[in-house]
Amino acid sequence: MKPLLNLLILLALFPSLLALEPRLRAEGPGPVALVMDAEALRQEAKATGRSLVEVLLEYRTLGVNGVAFPERFVRDWVAEGVLLYRQGRELVEAGLPARRDWHYLKGEAWLLSLLERAYTLPTQQLGPWLGFPLDVQVFPAFYPLEEIRKAQEAGFFVVARPINQRFRVLDPSLPLVPPEAQAVVFAGLEALGHPYRLKEAEALLRVPVALIEGTPQPGLSAFRENGLLRLFSLPYEWQLRLAPEEAADKYLLAARERGHQLLYLRPYPYPEETRRFLKRISEGLEASGIPIGNPGPRDFTPNPLGLFAWLGVFAGLGLLALGLPVFGPLLALLLLLLALGYAGGQGGALLAALVFPVLGFLGPRNGLWMWARTLGYALAGAVFLSALGSTPEAVLGLAPFKGVSLTLLLPPLLVALSFLEKNYKEALVRLYAHPLRLGEVALALVALALVALALLRRGNEAPIALVPEVELRLRDLLQNLMVRPRFKEVFGHALFPLALLLPWPRWVQNGLLFLAAIGTASILNTFSHFHTPLPVSFFRVVNGVLIGGLLGLAGVILVRRLRAWWSG
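Residues numbered from 1 in each chain as written. Predicted model: local features only at pLDDT ≥ 70, side-chain atom pairs only at ≥ 80, totals over all residues. Heavy atoms only, no water.

Enquirer: Describe the overall build of the chain, listing the residues and the values that go with them.
Expert: Counting its regular elements, the chain contains 24 helices and 11 strands. Judged by the C-alpha coordinates and their principal axes, the chain covers about 100 × 50 × 45 Å. Across the 568 residues of the chain, 52% fall into the buried class. Pairs at least 24 residues apart make up 75% of the contacts formed inside the chain by residues separated by at least 6 positions. If you sum the accessible surface of the chain, you get close to 26,600 Å²; carbon and sulfur atoms cover 64% of it. Averaged over its 54 positive side-chain charges, the chain has a centre that lies 10 Å from the centre of its 45 negative ones. (Helix = DSSP H or I, 4+ residues; strand = E, 2+ residues; numbered from the N terminus. Buried < 20%, exposed > 50% of the residue type's maximum accessible area, 1.4 Å probe, protein only. Contact = heavy atoms within 4.5 Å. Areas by Shrake-Rupley, 256 points an atom, 1.4 Å probe, with all protein chains shown as cover. Lys, Arg positive; Asp, Glu negative; His and termini not counted. Charge placed at Lys NZ, Arg CZ, Asp CG, Glu CD.)

Enquirer: Could you give an account of the sheet that holds strand S4 (residues 103-107), with specific residues and numbers?
Expert: Taking strand neighbours across the sheet as the criterion, the 4 strands line up as S3-S4-S6-S5 in an open arrangement whose pairing is antiparallel. Looking at the sheet topology across the chains shown, the edges are occupied by strand S3 (83-87) and strand S5 (124-126). Taken pair by pair, the neighbouring strands of this sheet meet at an average axis angle of 25°, ignoring direction. Pairing between S4 and strand S6 (residues 129-132): 3 bridges, direction antiparallel. Bridge pairing links Leu105 to Leu130 in S6. Strand contacts of helix H7 (residues 109-116): S3, S4, S5 and S6, with the helix running at about 145° to S4, the strand carrying the most contacts. (Pairing = 2+ DSSP bridges. Axes fitted to C-alpha atoms, helices over the stretch in contact; angles between N-to-C directions.)

Enquirer: So what about the packing of helix H13 (residues 309-323) against helix H15 (residues 347-359)? Which residues, and what values?
Expert: At a closest axis distance of 9 Å, the pairing of H13 and H15 adopts a crossing angle of 40°. By the criterion of interaxial angle, the relationship of H13 to H15 is oblique. H15 is crossed by H13, and the crossing has left-handed handedness. Only Gly347, Gly348, Leu351, Ala352, Val355, Phe356, Val358 and Leu359 of H15 make contact with H13, whose side of the interface consists of Trp310, Gly312, Val313, Gly316, Leu317, Leu319 and Leu320. Classifying every residue of the contact of H13 with H15 gives 11 nonpolar, 4 polar and no charged. (Parallel < 35°, antiparallel > 145°, perpendicular 65-115°, else oblique. Left-handed = near helix turned anticlockwise from the far one by under 90°. Nonpolar A, V, L, I, M, F, W, Y, C, P; charged D, E, K, R; others polar.)

Enquirer: Talk me through the pattern of salt bridges; I want residue IDs and the actual numbers.
Expert: Per the stated rule, a full pass over the model turns up 20 salt bridges. When the shortest N-O distance is used, the salt bridge between Glu80 and Arg72 registers 3.0 Å. Arg280 is paired through a salt bridge with Asp249; the nearest N and O atoms lie 3.1 Å apart. One end of the pair, Arg280, is in helix H12 (residues 271-287); the other, Asp249, is in helix H11 (residues 244-257), with 31 residues separating them in the sequence. Residue classification places Arg280 among the partly exposed positions, given a relative accessible area of 32%. (Salt bridge = Lys/Arg side-chain N within 4 Å of Asp/Glu carboxyl O.)

Enquirer: Explain the pairing of strand S10 (residues 228-232) residue by residue, including any values.
Expert: A large share of S10 lies buried, amounting to 5 of its 5 residues. Side chains Leu228, Arg230 and Phe232 project from S10 onto one buried face, and the interleaved Leu229 and Leu231 project onto a second face that is buried too. In terms of strand pairing, strand S9 (residues 209-212) meets S10 through 4 bridges, oriented parallel. Across the sheet, residue Ile212 finds its bridge partner in S10, namely Leu231. With 2 bridges joining them, S10 and strand S11 (residues 262-265) adopt parallel strand pairing. Opposite Phe232, over in S11, you have Leu263 as the bridge partner.

Enquirer: Tell me about the nonpolar core, and name the residues and values.
Expert: If you look at the biggest cluster of nonpolar residues, it comprises 77 residues, and the most contacted ones within it are Leu115, Tyr119 and Ile281. Setting aside residues no more than four positions away along its own chain, Ile281 makes contact with Leu34, Ala248, Tyr251, Leu252, Leu263 and Leu265. Among the nonpolar cores identified, the runner-up in size contains 70 residues, and Leu5, Ala332, Ile518 and Leu524 belong to it. (Core = buried A, V, L, I, M, F, W, Y, C linked by side-chain atoms within 4.5 Å.)

Enquirer: Lay out the packing of aromatic side chains with the relevant residues and their values.
Expert: For the structure on display, the rule yields 15 aromatic pairs. Each ring, one from Tyr119 and one from Phe139, has its centre 5.1 Å from the other, and the planes form 85°; the classification is edge-to-face. Here the residue Tyr119 occupies a position in the loop between H7 and S5, and Phe139 occupies one in the loop between S6 and helix H8 (145-153), the gap between them amounting to 20 residues. The burial state of Tyr119 is the same as that of Phe139; both residues are buried. Relative to Phe314, the ring of Trp310 lies with its centre 5.6 Å away and its plane at 25°, an arrangement referred to as stacked. Of the two residues, Trp310 and Phe314 are both situated in helix H13; the distance of 4 residues between them amounts to about one turn of the helix. Among the aromatic side chains, those forming a connected cluster through ring pairs are Tyr119, Phe132, Phe139 and Phe167. The ring of Phe156 has Arg60 sitting right over it, with the charged end atom 4.2 Å from the ring centre. Stacked on the ring of Trp102, the Lys or Arg Arg99 has its end atom at 4.4 Å from the ring centre. (Phe/Tyr/Trp six-rings, centres within 6.5 Å; stacked < 30°, edge-to-face > 60°. Lys NZ or Arg CZ within 6 Å of the ring centre and 35° of its normal.)

If you want it as structure tokens, here you go:
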């Protein structure tokens, strides 16, 4: 039966690999737009007596090809002297028939004309003054339209940043998104029109919308039909704590390894630092073969050949049921129900992530062949996981993978269960009667601590206190040299030679293999981050195998020499 199931896995691999072609084509490198924030750059323009477009043209020589215009508030126009603001009581004291508790604006006619129609509020026209019953200074108030037109004529990729506000009117006659805009990045924490007017807002937009890394914006999915672009930006306070080269490397990592298409930039306080920052980014993109240009949505249609991956997943589930020494069929059924019930449409992908890291541990412990077998099953599972889970929503990050913690927790537990004997009752009696040793307790506590650390540090948002400074520096070094492998995988692969090539007692070998299973499970966890391009995930795993294997073989030599020294 097992040979037949393995044959089914091999047969399912070929169509599953072909099913990944649309995603691979959509994830091709670049183009990437270097988009400078207009309001952040405006101070430099004013300080040097130049226009915003003149400053942008200077930075174009360093790679900047886009500019983002955040929508202004009324108070911004007042601060620039374009509008004059007065409270109603001030106008009453000046002899005008104003309403004392209202708020009034006077200034440029084109802007007042727009503001008169901009909000669902009553207005009062009092000569040159326009009155509102609420203080509108913190209301959104459109853009510097002439500046946007000049930037577009100069050939820059123009991004508009509209603000959602409950009182604003969503009308096509208003420049909520200027016609020159080629993309939209919603300002604030929610999409335009959220929560009750998304359909009205969606009708106003005819350009792609940006999905900001690490900033969920409720309502964004309503604009899916317009196409989505992935955007990366550093919080400005964090950027200022980094040297220009360090900040630039984070943008390069986002473009190179996470497929971001818009790099949203803000200048440093000193132009010299801004130039270093931009030079590092543009040179890094060129070295990585990523062109600077105008990006478009990366959409694709999943290939129906991906359904063959279900055949491979069920064959793997059958191998698990036959390979576990106790309760194999029952546990396989429970895993199937858990995956389908918890992850829904992603159930097949989750099942692959839970089953395939375990299969290599169920066979004979025949030295490094066991390591190769385990790696082969894990990579086959990664293919099935990717074929079943690679939807446009998942790749864009709109539908995060469900079960990230389970992919790191359950496979090592199933591997530990595989260490039981078929006569498990007798084995448990022996375990209960085993005399406790301090060394065994210490090793067990270390193992539990490592499992807990692996779970707490999962993903990109692990608590920074759990990541030592030396590891952060090592990460930066590795990611500048290569696609950085995950430390869990390096650690796991290093343990395989140590566990399989040295004459340990059975319980020590079991403990080492249990920890190695965390690294194997991490392979599937790596591929479950669908927003990471497939080639990047693949090379991350390959580099983890190579570095971990070399460290493990070096560890074997070291342990053998230490044993020889200890034995005299």
